[in-house]
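Structure assessment
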Amino acid sequence: MKKSVVFIATLIHLLPHPFGMSPIGALALYSGAHGPKPLAWSVPLVPLTIAALITGFYDPRVMICVFGGFCLATFAGRWLLRKQRSFARYGAAVALGAMVFFLLSNFGMWLYGTYPPTLAGLLACYIAGLPFLLQALVADAAYSLVLFGLHEVLERGHEDEVVPA
C-alpha cells in the first residue's frame, strides 16, 4: 500500500469536498486491496476520527455504525480486489462497499433515535438516505479511479528505476 495515496485521500477528506463527496469509501476499498491484513480496516478510520475530532462528534453510537460500515467496505475491497482486478470487480466492490456502508450507517441513524423505532421509521430512514447512497456510489467510483490509478502510476514509476550494480 502506498502511504502517499493514503495521505492524499486523508487530506482530501479533511478539506471541503465538492457536493459532499468524500474519498473515504474509496480509501476503504483501496486499503482492503493493498493494505496489510491486520491493519487494512483501520486505514479509513484515521481520517474519519481526525475529522470527527475537528468538527465535533455526532452521536458516538451512530459513529460506531459509520465506522463499521467503512470497515465492511474495506473487507469488500479485500474480498473482490486483493488478487484479481477487472472493471467488473471494481464495479462490484464500489457497489458492495457503498451498499454495506449505506445499510449500516442508516440503521444506526434509525436505531439511535433519529427516526421512530418502528418498521415505518426504518423504511423512512432508508428512503431519506437514498440520495446519499447515490453520492457514495459516484464518489467511491471516482475516487477509486484516482486512488487505484495513482497506485498503478507509482508502481510503474518504481519499475523503471535502474538499480546500480
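All of these numbers come straight from a predicted model, not from anything done at the bench.

Remarks on the environment of M109
- Structurally, the position occupied by M109 is in helix α5 (residues 87-114).
- Taking relative accessible area as the criterion, M109 reaches 31% and is therefore assigned partly exposed.
- Along the sequence, M109 and C125 sit 16 residues apart, while their C-alpha atoms lie 7.4 Å from each other.

A closer look at the nonpolar core
- In terms of nonpolar packing, the biggest core is built from 30 residues, with L27, Y30, V66 and L147 touching the most fellow members.
- Listed by contribution, the elements that provide at least two residues to this core are α1 (3-14), α2 (24-34), α3 (45-55), α4 (60-81), α5 and α6 (119-159).
- Per-element tally for this core: the top contributor is α4, with 9 residues.
- Filtering out sequence-adjacent residues up to four positions away, L147 remains in contact with V5, A9, A26, L27 and Y30.

Quick word on the confidence of the model for the protein chain
- With 94% of its residues at a pLDDT of 70 or more, the protein chain has an overall mean of 87.
- When pLDDT is averaged over each helix and strand of the protein chain, the minimum, 76, is found for α1 and the maximum, 93, for α5.

A few points about α4
- Under the 1.5 Å per step criterion, the end-to-end length of α4 is 31 Å for 22 residues, consistent within 8% with the ideal 32 Å.
- In terms of residue burial, α4 counts as a mostly covered element, since 16 of its 22 residues are buried.

Notes on a nonpolar patch on the surface
- Taken together, the side chains of F7, I8, L11 and L15 present a nonpolar region at the surface, about 370 Å² in accessible area.
- Structurally, L11 can be placed in helix α1.

Analysis parameters
- Residues numbered from 1 in each chain as written.
- Predicted model: local features only at pLDDT ≥ 70, side-chain atom pairs only at ≥ 80, totals over all residues.
- Heavy atoms only, no water.
- Helix = DSSP H or I, 4+ residues; strand = E, 2+ residues; numbered from the N terminus.
- Buried < 20%, exposed > 50% of the residue type's maximum accessible area, 1.4 Å probe, protein only.
- Core = buried A, V, L, I, M, F, W, Y, C linked by side-chain atoms within 4.5 Å.
- Contact = heavy atoms within 4.5 Å.
- pLDDT = per-residue confidence, 0-100.
- Expected span 1.5 Å × (residues − 1).
- Patch = residues over 30% accessible without salt bridge, like charges linked within 9 Å, V, L, I, M, F, W, Y side chains within 5 Å.
- Areas by Shrake-Rupley, 256 points an atom, 1.4 Å probe, with all protein chains shown as cover.
- Salt bridge = Lys/Arg side-chain N within 4 Å of Asp/Glu carboxyl O.

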